[in-house]
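# Overview (structure and organization)
Each chain is listed here by its residues.
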Protein chains: 2
Amino acid sequence: MAKRPDEAGLIETYLAPLAGKQSFSFLDDAAILDMPEGFELVVTSDAIAEGVHFLKGTNPARLAQKAIRVNLSDLAAKGSKPLGVSLSLGLSDDWDAGWIENFAEGLGADLKVFGIELTGGDTFRSPGGTVINVTALGAIRPGRYVSRTTAKPGDAVYVSGTIGEAYLGLLSARHDLAGRQDDLSAVLERYELPEPRVQSIGIVSEFASAAMDISDGLVGDLEKLCRASGVGAKIEAQNIPLSAAAMGILEKNPAISLIDLATGGDDYELLITVTAERAGQFERQALADKTPFRRIGEIVSGNGVEVTGPDGFPIKTAKRSYSHF
Amino acid sequence: MAKRPDEAGLIETYLAPLAGKQSFSFLDDAAILDMPEGFELVVTSDAIAEGVHFLKGTNPARLAQKAIRVNLSDLAAKGSKPLGVSLSLGLSDDWDAGWIENFAEGLGADLKVFGIELTGGDTFRSPGGTVINVTALGAIRPGRYVSRTTAKPGDAVYVSGTIGEAYLGLLSARHDLAGRQDDLSAVLERYELPEPRVQSIGIVSEFASAAMDISDGLVGDLEKLCRASGVGAKIEAQNIPLSAAAMGILEKNPAISLIDLATGGDDYELLITVTAERAGQFERQALADKTPFRRIGEIVSGNGVEVTGPDGFPIKTAKRSYSHF
């Protein structure tokens, strides 16, 4: 085990240098975050815990990045520009200087990539395993917050990017998967390092009638959106967008179905609805922006999500989404 | 074990009803927090973890309150009015409906007491033990943030309230303490339920040249303030304010010294410095406000904290503060 600094050393050497000018913290009790004029404040918190959201032994730089990115994904789904993150880091008893150095590298890299400020936070002992909690703060124009409660029957349902790679990545990390090495690496990367759709904030804010990010599985998360909006949805399985890597792996693992991908977690893609009248305009704008959105179905009255197979018949699924409990 | 709801039930039944109107969360990915016009945003995060910050089996209502209050204490030390809190709750595997109901009661009570909003958050499985992370958001007038980096030689050093009861409360919880039942109950209450000095926000903001809250022990925290400000401090042990309960317990437990109280954690009192010119005015104002501040020493050039005993000689202390690692 590399030498381990004490708490003050940990903070002063590794974390404080990453905090912004205005963020006196971690060396103070709190920090100031500059809010741009004329915007509202958007807040979201998401934690990732060892043994639940990530496997023991995962590269700590990736953990820092994942903890940030799952929160930026939530902000993006609301149409909110990220400003800063606050970090609360619970360290399991086996951390050392190498671990925290690597963690800080990942953290610093993502602060730059996303142009956000670290507004300080907290470190503490977590004997039961590493827990990384991030609260992300974002800005939004008044009235432009996109809720998940506002989908209406007739709205078209879209997802960004591709679905199911992170689920395959988790299987790959557990060596439960056959496939070409390139494909396995691609899905593992996707599992470890989500790409929050921050570049889609503008188009979401402009066009979405409702939105959320997909973190616990497409079908289950669409059910949550429907429940919050008091509606149902019908989607077609063959419209769910898959990457080449995912298709390659599906071919070599006949036991894994499209429904497994549509109910597996960690996609961090956007699930949005757009009114029928604006769907065409939205699609043209998405094309012009080179932001990949695929129409997968529509919102209906009633409740629940019906997934239709290639034969036109509903697919029955027992598991709908990843459960944290 | 009482019946346990699933994650959706847990959130919908117990947590979502506590969230404010603007806070669509926990039923959404994020929440909006109304910022008053003409104020800056202050952010702080602090987590409490089972086996580190609290003992297994502690009343969950108290845990919710403690998690909120340690954060409000940080805001108070900066002169910042609390607006809202975001909660990230990691549940150990033995929680049940009774536990979360009780937790939600404590949470709801404190939201009312402090007039703050719950801006949502996150729940997750934490197999290693309960972890409660709170990020608190506050407002402050531009330029009024009180840092811990700005103490100057000649400034008077003050603490609010009384010191060391929470440390005795921890010993009492572990049954390591002799004393009158009333005294033992009083210090236990103080350990479990800190009283953040929110009523002192105005006076801190107006008079403090530097400030922090005392969470890891008076002496060690004063050392942190000194280090951050590039100064030293001299304090007199007999000026450290003690409650009647603490004095009663000290009498019956000769092995416990005043220095133990001054280096024990969890006081959540304010440690502030005031310039010599303004000290008199500050004391009169504190008296008029009925906010208890005691002058315990002064800031000097150099570094480190010297504690002088009743005989006028410096007291040597090995342990300076509670360490989280």
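Rules behind the numbers
- Every chain's residues receive numbers from 1 upward, in the order its sequence appears when written.
- The naming scheme follows written order: chains are lettered A onward, ligands numbered 1 onward.
- This being a predicted model, a pLDDT of at least 70 is required before a residue's local features are given, and a value of 80 or more before pairs of side-chain atoms are given or counted; all residues contribute to the totals for chains, interfaces and linings.
- Only hydrogens and water are set aside when side-chain values are computed; all heavy atoms of the structure are taken into account.
- Source of the domain bounds: an automatic or database domain assignment.
- We call two residues contacting when some pair of their heavy atoms lies within 4.5 Å.
- Buried area: the accessible surface (1.4 Å probe) lost by two parts on joining, summed over both.
- A pair is scored as a salt bridge if a Lys or Arg side-chain nitrogen falls within 4 Å of a carboxyl oxygen belonging to Asp or Glu.
- Whenever two N or O atoms come within 3.5 Å, that pair is a polar contact, provided that in protein one can donate a hydrogen and the other can accept it, and provided that, for residues adjacent in sequence, both atoms are side-chain atoms.
- Numbering goes from the N terminus for both helices and strands, where a helix is a DSSP run of H or I of at least four residues and a strand is a run of E of at least two.
- Amino acid classes used here: Ala, Val, Leu, Ile, Met, Phe, Trp, Tyr, Cys and Pro are nonpolar; Asp, Glu, Lys and Arg are charged; the rest, including Gly, are polar.
- In this comparison the copies share one frame, found by least squares on the C-alpha atoms of residues holding pLDDT of at least 70 in both.
- In this description, a line fitted to the C-alpha atoms serves as the axis of each element, helices being fitted only across the stretch in contact, and the angle between N-to-C directions of two axes falls anywhere from 0 to 180 degrees.
- Roughly parallel means an angle under 35 degrees; roughly antiparallel means over 145; roughly perpendicular covers 65 to 115; every other angle is labelled oblique.
- If you view the pair so one helix is near and one far, a crossing is left-handed when the near helix is turned anticlockwise from the far one by less than a right angle, and right-handed when it is turned clockwise.
- Within 6.5 Å between ring centres, the rings of Phe, Tyr and Trp (the latter by its six-membered ring) count as paired, and their orientation is classed by plane angle as stacked under 30 degrees, edge-to-face over 60, tilted in between.
- Note on classification: 1.4 Å probe, protein chains only; a residue is buried when its accessible area is under 20% of the maximum for its type, exposed when over 50%, partly exposed between these limits.
- Criterion for a charge above a ring: Arg CZ or Lys NZ at most 6 Å from the ring centre, at most 35 degrees from the ring normal.
- Between the first and last residue of a helix there are one fewer steps than residues, each counted as 1.5 Å, and that sum is the expected span.
- Two strands pair under a simple rule: DSSP has to find at least two bridges between them.
- Among the buried residues, those of types Ala, Val, Leu, Ile, Met, Phe, Trp, Tyr and Cys that are joined through side-chain atoms within 4.5 Å form a nonpolar core.

## Overview of the domain arrangement of chain A
Residue and element names in this part refer to chain A. Domain parsing of chain A yields domain 1 (7–140) and domain 2 (156–312). Computed from C-alpha coordinates alone, the two centres of domain 1 and domain 2 are separated by 26 Å. Counting from both sides, the interface comprises 20 residues of domain 1 and, opposite them, 20 residues of domain 2. Counting the surface lost from both domain 1 and domain 2, the interface buries some 1700 Å², and carbon and sulfur atoms represent 61% of this. When the buried surface of domain 1 facing domain 2 is broken down by residue, Arg62, Lys66 and Arg69 rank first, second and third, together holding 33% of it. Taken together, the connections running from domain 1 to domain 2 amount to four salt bridges. Note that glutamate 195 and arginine 69 form a salt bridge whose closest N and O atoms lie 3.6 Å from each other. Taken together, domain 1 and domain 2 are joined by six residue pairs in polar contact (both at pLDDT 80 or more). Of the residues forming the side of domain 1 that touches domain 2, the biggest block, 10 residues, is contributed by helix H2 (residues 60–77). Of the residues belonging to the side of domain 1 that touches domain 2, the class tally is eight nonpolar, six polar and six charged.

## With respect to the relation of the copies chain A and chain B
For the pair chain A and chain B, the best superposition has an RMSD of 0.0 Å and corresponds to a rotation of 180 degrees with a translation of 0.0 Å parallel to the axis. Classification of the inter-copy transformation places it as that of a two-fold axis. Every residue of chain A has its C-alpha some distance from the rotation axis, and the shortest such distance is that of A:Gly128, at 1.7 Å. The share of interface residues of chain A whose copies in chain B are also at the interface is 100%, consistent with both copies meeting through the same surface.

## Observations concerning the packing of helix H5 (residues 181–192) of chain A against helix H8 (residues 244–252) of chain A
Residue and element names in this part refer to chain A. As a packed pair, H5 and H8 sit with axes 9 Å apart at the nearest point and diverge in direction by 120 degrees. Our classification of the angle between H5 and H8 gives oblique. In this structure, the crossing between H5 and H8 has a hand that is left-handed. Within the contact between the two elements, H5 uses Asp183, Leu184, Ala186 and Val187 and H8 uses Ala245, Gly248 and Ile249. Residues belonging to the contact of H5 with H8 are distributed by class as follows: five nonpolar, one polar and one charged.

## Here we look at the environment of A:Gly202
Along the polypeptide, A:Gly202 turns up in helix H6 (residues 201–207). Here the alpha-carbon distance between A:Gly202 and A:Ala151, two residues 51 residues apart in the chain, equals 19 Å.

## Things to note about the packing of aromatic side chains
Two measures describe an aromatic ring pair: the distance that separates the ring centres and the angle between the ring planes. Residue and element names in this part refer to chain A. Overall, the coordinates contain eight aromatic pairs over all chains when judged by the stated rule. With a centroid separation of 5.3 Å and 10 degrees between ring planes, the pair formed by tryptophan 99 and phenylalanine 103 is classed as stacked. Placement of both tryptophan 99 and phenylalanine 103 in helix H3 (residues 97–114) is noted, with a separation of four residues, approximately one turn of the helix. Overall, the relative accessible area of 0% leaves phenylalanine 103 in the buried class. What links up through ring pairs into an aromatic cluster is the set Tyr158, Phe207, Phe282 and Phe293. The side chain of lysine 66 reaches across the aromatic face of tyrosine 191, ending 4.2 Å from its centre.

## Observations regarding helix H2 (residues 60–77) of chain B
Residues and elements named next belong to chain B. Between the first and last C-alpha of H2 there are 26 Å, a value that for 18 residues agrees with the 26 Å anticipated at 1.5 Å per step. Along H2, 18 of the 18 residues are buried, which leaves the element largely enclosed by surrounding structure. Here H2 starts with a cap whose side-chain oxygen sits 2.8 Å from the backbone nitrogen of alanine 61, and that cap is asparagine 59. Once H2 finishes, glycine 79 follows within two positions and takes phi at roughly 80 degrees, a positive value.

## Digging into the sheet that holds strand S8 (residues 232–236) of chain A
Residue and element names in this part refer to chain A. The sheet built from seven strands is open, its strands ordered S7-S9-S6-S10-S8-S11-S12 with mixed pairing. Each of the sheet's edge strands pairs with one partner strand only, and the pair in question is strand S7 (210–214) and strand S12 (314–315). Judged from the four bridges that link them, S8 and strand S10 (residues 293–300) form a sheet pairing that is antiparallel. What sits directly across from lysine 234, in S10, is glutamate 298. In this fold helix H7 (residues 218–229) packs onto strand S6 (156–160), S7, S8, strand S9 (269–274), S10 and strand S11 (304–308), with an angle of close to 150 degrees to the strand it touches most, S7. Along the sheet, helix H10 (residues 276–289) contacts S6, S9 and S10; its crossing angle with S9, the most-contacted strand, is approximately 140 degrees.

## Some points on the nonpolar core
All names here are of chain A. Leu168 and Leu222 are the most contacted members of the largest nonpolar core, which has 37 residues in total. Element by element, the count of residues in this core is highest for H7, at five residues. Apart from the residues lying within four places of it in its own chain, the contact partners of leucine 222 are Val157, Ala233, Ile235, Leu271 and Val305.

## Side note on the pattern of salt bridges
Going through the model one piece at a time under the given rule, you end up with 40 salt bridges over all chains. The closest approach of N and O atoms between B:Glu12 and A:Arg227, which form a salt bridge, is 2.9 Å. With one member in each of two chains, B:Glu12 in helix H1 (residues 7–15) and A:Arg227 in helix H7 form a pair that bridges those chains. The exposure class of B:Glu12 is partly exposed, given its relative accessible area of 34%. Judged by relative accessible area, A:Arg227 falls into the exposed class, the value being 58%. In this structure, B:Arg69 and B:Asp110 form a salt bridge, with 2.6 Å as the shortest nitrogen-oxygen distance. In this pair, B:Arg69 sits in helix H2 while B:Asp110 sits in helix H3 (residues 97–114), placing the two residues 41 residues apart along the sequence. In terms of burial, B:Arg69 and B:Asp110 fall into one category: buried.

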